[in-house]
Structures are given as C-alpha cells and as structure tokens.
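# Tertiary structure, described
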Amino acid sequence: MLDKLYITPKQWLHILRWTLYALLFLLAMMLQTVVFGNRTLLGVHPQLVPLVICCVCLREGPDRGGLFALLTSLFWCLSGADMGSVSLLLLTVLPIAGGLLCRVVLENRFLSCLIITAVTLLLEQSTIFILKYFFDGLPGGLYLSELLPCVFVSLLAQPLIYLLVKCIEKVGEPYEST
C-alpha cells in the first residue's frame, strides 16, 4: 500500500513550482493589503493580486493556470476583499480567456502578457467602480482621478511579477502533452 504513495522527484519539483506560485500570490496579497493598505505609491493604492493571477494563468496555460486563477481568486474573495465576488468571477474568467487568446492567436511573450494583464486589471477595476457608482453613490469623477492612475501604477510592477513567474515556471520539467 505504501508503494502507491511514492512521489517521484519530478512530482516533487512540480509541487515546489506550485508552492512557489502560492507564496508569490500570498506575498502580493500581503503587500497589497498590509503595506499599501494605508500607504500609497505615487498617490494610489496599487493592485498586485490581479497581476499575479493573470501572469501565472498566462504562463501556465488556461487549464492549469485557470485552476490557479479560480483557487486564488476564491481565496482572495474569502479573505474579505472589497467586492470579492466580482473579483472571483472576473479574475477567473478574464485570465482564462487571455490564456486561450495567447494559445490561439498571440504568442505567449511579455508584451502580450502585459496587454492582457492591463485589460484584465482595467475591466475588473472598472466593473467594481461601476457597481459602486450605481449602488453606493461613488462620484463619477473618481474614475479618471483614482482608477486609471491605479491601473497604470499597478502595471509598473507587472515586469517584476512576470520575471518572477517566468523563473518559477522553469522549476521542474515541462508538463507532458496528453
């Protein structure tokens, strides 16, 4: 019975890869909520969690990356994020759609990842803004003064996150095609 529980060295490397992805997500979550929760960077609070989710999903593909996007956005929602249910939906669907787009039309390179990450972040933040505008009476002028600078400042961290994800992706051998 115990011989069936044997984990090969290749499987250990895959476990290490996904553990590093999870630690990167937790680091981004802690930076976003603890460090930048009370402080600003260039006058706005950057959003790092969507960047990590999108980069991992694009680098790992829509199947394994989509599962990562679902689990991490669910964790983000359950952690008490503002409008977490909206983030759960959008941070799962948009990176998977971007991964499919990269697989079919675009090459999975830095520029395509930057564009898809920017679109994902803009759509997620715009949807949350629109819901708050209609239901909470948020002033419409904050879209240009708060939301768009937040997206642009958040995208400043995308090259670093992309580089980290690309380095983590090299841990272990590539998955076999089935």
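Now for a quick tour of the structure. (Residues numbered from 1 in each chain as written. Predicted model: local features only at pLDDT ≥ 70, side-chain atom pairs only at ≥ 80, totals over all residues. Heavy atoms only, no water.)

### Some thoughts on the nonpolar core
Counting 33 residues, the largest nonpolar core has Phe25, Val52, Trp76 and Val165 as the members making the most contacts within it. Looking at this core, the elements with two or more residues in it are helix 1 (9-38), helix 2 (49-60), helix 3 (64-78), helix 4 (84-104), helix 5 (110-135), helix 6 (142-155) and helix 7 (158-169). Ranked by the residues each element gives to this core, the list is headed by helix 2, at nine residues. Ignoring any residue separated from it by four or fewer positions in sequence, one finds valine 165 in contact with Tyr21, Leu24, Cys55, Val56 and Arg59. (Core = buried A, V, L, I, M, F, W, Y, C linked by side-chain atoms within 4.5 Å. Buried < 20%, exposed > 50% of the residue type's maximum accessible area, 1.4 Å probe, protein only. Helix = DSSP H or I, 4+ residues; strand = E, 2+ residues; numbered from the N terminus. Contact = heavy atoms within 4.5 Å.)

### Let's talk about helix 2
The terminal C-alpha atoms of helix 2, which comprises twelve residues, lie 17 Å apart, in line with the 16 Å expected from a rise of 1.5 Å per residue. Three or more residues of helix 2 are buried, namely Val49, Pro50, Leu51, Val52, Ile53, Cys54, Cys55, Val56, Cys57, Leu58, Arg59 and Glu60. If you follow the buried residues of helix 2, they end up packed against helix 1, helix 3, helix 4, helix 5, helix 6 and helix 7. Once helix 2 ends, the next one or two residues include glycine 61, with phi positive near 100 degrees. (Expected span 1.5 Å × (residues − 1).)

### A short note on the side chain of glutamine 158
Within the fold, glutamine 158 resides in helix 7. Sequence-distant contacts of glutamine 158, defined by excluding residues within four places in its chain, comprise Leu51, Cys55, Phe110, Cys113, Leu114 and Thr117.

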